[in-house]
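Results of the structural survey
Spelled out, the chains give:
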Amino acid sequence: AAVIALHRERKGPATDLTEWGDAMLLDLIDTQELQRLRRIRQLGPAAMVYPSAEHSRFSHALGTMHLAKRILATLSLAEGRLMERELMLAVKVAALFHDVGHGPYSHVFEHLMPGIENHEIWGWRILAGDGQPREVIKRHCLRLQIDSDSFFTKLHGIWGHNPPQGEIHLGK
């Protein structure tokens, strides 16, 4: 069984490329915006029929981030070249926050009320708008000596909105 491993980086940024930026991820996990996902079921009312269908969007977000981290590590080794570390960190942040725009039964509401904005749009607003996640990212960008505007541009591209040339596009 795999364990989600993140490091606080108390002695400065990690030197291992796959662990670089983990302190940012840990601080983002502690934000109210991500913690609220603990109260939203990933499978909606399915637990009423299938009692073991009990995981939250929070646990799903952590698992998605963990898998992104493992995939990036594997790709870096398989390619024989290292990916840009800021891009790797942006992919992990995007994976962690990919469902943050969900509300209870959000897919149902998106289909029943086509005029409302979908969870991806709300998620981007939560991540990049004025709030705790943006402040955490800006603080860690300063600590890691990354230009925060450039980092948000990478995140925006990964999120699926006009990806910059040569960047990874994970959106629809």
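Here is what the cut-offs are and how they apply
Residues numbered from 1 in each chain as written. Predicted model: local features only at pLDDT ≥ 70, side-chain atom pairs only at ≥ 80, totals over all residues. Heavy atoms only, no water. Axes fitted to C-alpha atoms, helices over the stretch in contact; angles between N-to-C directions. Helix = DSSP H or I, 4+ residues; strand = E, 2+ residues; numbered from the N terminus. Parallel < 35°, antiparallel > 145°, perpendicular 65-115°, else oblique. Left-handed = near helix turned anticlockwise from the far one by under 90°. Contact = heavy atoms within 4.5 Å. Phe/Tyr/Trp six-rings, centres within 6.5 Å; stacked < 30°, edge-to-face > 60°. Buried < 20%, exposed > 50% of the residue type's maximum accessible area, 1.4 Å probe, protein only. Lys NZ or Arg CZ within 6 Å of the ring centre and 35° of its normal. Core = buried A, V, L, I, M, F, W, Y, C linked by side-chain atoms within 4.5 Å. Salt bridge = Lys/Arg side-chain N within 4 Å of Asp/Glu carboxyl O. Nonpolar A, V, L, I, M, F, W, Y, C, P; charged D, E, K, R; others polar. Expected span 1.5 Å × (residues − 1). pLDDT = per-residue confidence, 0-100.

For any two helices packed against each other, one specifies the crossing angle of their axes together with the interaxial distance. Helix 8 (residues 148-159) packs onto helix 7 (residues 132-144) with a crossing angle of 125° between their chain directions and a minimal axis gap of 9 Å. It follows that helix 7 is oblique to helix 8 by the angle criterion. Two packed elements cross with a definite hand, and for helix 7 against helix 8 that hand is right-handed. Facing helix 7, whose interface residues are Arg 134, Ile 137, Lys 138 and Cys 141, helix 8 presents Ser 148, Phe 151, Phe 152 and Leu 155.

Our next topic: the packing of aromatic side chains. All chains considered together, the criterion is met by one aromatic pair. When the ring of Trp 124 is compared with that of Trp 159, the centres are 5.8 Å apart and the planes differ by 55°; the resulting orientation is tilted. Highlighted residues: Trp 124 in helix 6 (residues 119-128) and Trp 159 in helix 8, separated in sequence by 35 residues. For the pair Trp 124 and Trp 159, a shared accessibility class is recorded, and that class is buried. Looking at Arg 38, its charged tip hangs above the ring of Phe 58, at a distance of 4.0 Å from the centre. Lying over the aromatic face of Trp 122, Arg 125 brings its terminal NZ or CZ to 5.0 Å of the ring centre.

Moving on, we come to the nonpolar core. Met 24, Leu 89, Val 93, Leu 96, Ile 137, Phe 151 and Leu 155 are the most contacted members of the largest nonpolar core, which totals 41 residues. Residue contacts for Leu 155: discarding those within four places in its chain leaves Ala 90, Val 93, Ala 94, Trp 124, Leu 127 and Ile 137.

We now examine the pattern of salt bridges. The tally for this structure, following the rule as stated, stands at five salt bridges. A salt bridge links Asp 22 to Lys 69, with the nearest nitrogen and oxygen atoms 2.8 Å apart. Separated by 47 residues along the polypeptide, Asp 22 in helix 1 (residues 22-29) and Lys 69 in helix 3 (residues 57-79) bring together distant segments of the chain. For Lys 69, a relative accessible area of 11% translates into the label buried. Between Asp 99 and Arg 57 there is a salt bridge, with its nearest N and O atoms 3.0 Å apart. Highlighted residues: Asp 99 in the loop between helix 4 (85-97) and helix 5 (106-112) and Arg 57 in helix 3, separated in sequence by 42 residues. A relative accessible area of 5% means that Asp 99 is categorised as buried.

Attention now moves to the packing of helix 6 against helix 7. Viewed as axis vectors pointing N to C, helix 6 and helix 7 meet at an angle of 55°, and their least axial separation amounts to 5 Å. Relative to helix 7, helix 6 is oriented oblique. In contact with Ile 126, Leu 127 and Ala 128 of helix 6, helix 7 contributes Pro 133, Arg 134 and Ile 137. Considering only residue class, the contact of helix 6 with helix 7 consists of five nonpolar, no polar and one charged.

To continue, consider helix 4. Over its 13 residues, helix 4 runs 18 Å from end to end, which matches the ideal 18 Å to within 8%, given 1.5 Å per residue. Of all 13 residues in helix 4, 12 are buried; the element is thus mostly enclosed. Restricting attention to buried positions, one finds in helix 4 the residues Glu 86, Leu 87, Met 88, Leu 89, Ala 90, Val 91, Lys 92, Val 93, Ala 94, Ala 95, Leu 96 and Phe 97.

It is worth spelling out the confidence of the model for the chain at this point. Do not read the fine detail of predicted coordinates wherever pLDDT is low. For the chain, the average pLDDT comes to 81, and 78% of its residues sit at 70 or higher. In this model, residues 163-169 is a region of pLDDT below 50 whose contacts with residues beyond four sequence positions or in other chains number 14 contacts.

A separate point is the environment of Ser 59. With respect to the helices and strands, Ser 59 occurs in helix 3. Its relative accessible area of 33% is what places Ser 59 among the partly exposed residues. Sequence-wise, Ser 59 and Gln 42 are 17 residues apart; in three dimensions their C-alpha atoms are separated by 8.7 Å.

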